[in-house]
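# Coordinates in review
The residues making up each chain are set out below.
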Amino acid sequence: MVPTFAITPEKEASIPHYFYRQWTYSPPEVTGVSLAGKTAIVTGSNTGLGLECSRQFLDLGLSKLILAVRSETKGAAAAAELAAGRNLPAGAIEVWPMDLADYDSIVAFAARANASLDRLDILVANAGLVTAVHEPNPTTGHDQVIQVNYLSTALSVLLLLPVIRAKRANQPGPTRITFTSSDASSWTSFKERGAKPLLPAFDRPDADMADHYFISKMFGQFFVAELAKHVPTSLAVINCATPGMCYDSELDRASRGTVLGAVIGFMKRRVGYTSAVGARLMTDAAVNHGEETHGQYLGLNEKRVKPMVPIFYTEEGKEIVQRLWDETLEELSFANVKQIIEDIDK
């Protein structure tokens, strides 16, 4: 079901309207929800939004938190910070390694989840990066931003679907899967839209890396919308949400020390949220709402569900979404993801 929006996708995507939302909307704290007895995985959770989202889950009484991080040392420091001042039982916070630049690491993480967890109530796919220059993934050859923010994030969620299905009987409701997205996804020029195949078009060394970040978040929206068609809401409610502009996250660390980085940092300080405030939007998307958010994008407004990127609603966009979906499943075919989708879709 396509929701009816009070604003056109084009107006919602405009930069003036983006800054208007940042100036006028303050995300409220998430309260009145008990996560007692529940288990959550948060990726990219040793810093920034992931760390603050994890903190908010614990504030809501979460019983078991899995910090999925690239660096176990940094993850352990985050776990100690989160546990400070809390009377948590042993094993309430665990640090599991998962490097989204490495397919083998993702496969190992999913296998561990299947073997170790009794339930999985919440999954926040938050990890991501921005690079100042093109960095090819040493294994796949894909641009690292597209690799980590899109392809590997998609793989991590797809490989956890069988785990979610296997554990579903142990929990009273469906798993909540929330992807961290961005309104900046609407700002891409997307010059590669006509490329066939599409994914290799982003592997050029002369790429516009800011645009690659925008595209990676746009692809994430496309993936959420398409995945939701194959996953029943009785198993999982899948959505994506923007945390808004946050000035103290580590996402833009690659651009620090540059003139552009200084300009962006000044702008963020003027209009951005702290990560703790931005994370409220992610927490809300993961613990509140219902089937009306399945396959949808949640934004900076009271009603939450908002338009995705404008191209998504066009005929051209529909063809691109399908092309990207097909190429993604083919790229990840080594992990038997097509069979996973077929099994879930039965």
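Anyway, here's the lowdown on the structure attached to this text. Since the structure is predicted, the reported quantities are computational estimates derived from the model, not experimental observations. Position numbers for residues count from 1 along each chain, tracking the sequence in the order it is written. Reporting in this predicted model follows two pLDDT cut-offs: at least 70 for local features of residues, and 80 or more for side-chain atom pairs to be given and counted; totals over whole chains, interfaces and linings ignore these cut-offs and use all residues. Side-chain measures here rest on the full set of heavy atoms in the structure, leaving out hydrogens and waters.

Two numbers describe a pair of packed helices, the interaxial angle and the distance between the axes. Helix axes are fitted to C-alpha atoms over the stretch in contact, other axes to C-alpha atoms as well, and angles between N-to-C directions run from 0 to 180 degrees. A run of H or I in DSSP becomes a helix once it reaches four residues, and a run of E becomes a strand once it reaches two; helices and strands are each numbered from the N terminus. Helix H10 (residues 315-331) packs onto helix H6 (residues 144-167) with a crossing angle of 75° between their chain directions and a minimal axis gap of 11 Å. Between H6 and H10, the interaxial angle falls into the category roughly perpendicular. For the pair formed by H6 and H10, the contact residues are Tyr 150, Leu 151, Ala 154 and Leu 158 on the first element and Leu 324, Thr 328, Leu 329 and Glu 331 on the second. By the convention adopted, Pro, Cys, Tyr, Trp, Phe, Met, Ile, Leu, Val and Ala count as nonpolar, Lys, Arg, Asp and Glu as charged, and the other residues, Gly among them, as polar. Residue composition of the contact of H6 with H10, grouped by class: 6 nonpolar, 1 polar and 1 charged. Any angle that falls under 35 degrees is termed roughly parallel, while one over 145 is termed roughly antiparallel, one within 65 to 115 roughly perpendicular, and all others oblique. Contacts: residue pairs with any heavy atoms within 4.5 Å of one another.

Let us now look at helix H4 (residues 72-83). One less than the number of residues in a helix, times 1.5 Å, gives the span that helix is expected to have. Here H4 is 12 residues long and its end C-alpha atoms lie 16 Å apart, about the 16 Å a rise of 1.5 Å per residue gives. Immediately downstream of H4, the backbone of Gly 85 shows phi near 80°, a positive value.

Quick look at unusual backbone geometry now. Cis geometry marks the peptide bond from Lys 196 to Pro 197; its omega dihedral reads 0°. Mapping Pro 197 onto the fold places it in the loop between strand S5 (175-180) and helix H7 (209-230). Located in the positive-phi region is His 289, a residue other than glycine, with phi close to 70°. Only protein chains enter the area calculation, which uses a 1.4 Å probe; residues under 20% of their type maximum are buried, those over 50% are exposed, and those in between are partly exposed. By relative accessible area, which is 32% here, His 289 ends up partly exposed. With a phi close to 60°, Asn 336 is a non-glycine residue in the positive phi region. Following the sequence through the fold, Asn 336 ends up in the loop between H10 and helix H11 (337-344). Since its relative accessible area comes to 45%, Asn 336 is described here as partly exposed.

This next bit is on the environment of Thr 153. By the element assignment, Thr 153 lies in helix H6. Here the alpha-carbon distance between Thr 153 and Thr 43, two residues 110 residues apart in the chain, equals 9.2 Å. Sequence-distant contacts of Thr 153, defined by excluding residues within four places in its chain, comprise Leu 100, Ala 125, Ala 127, Gln 147, Val 148 and Phe 179.

Honestly, it's all geometry; don't read function into it.
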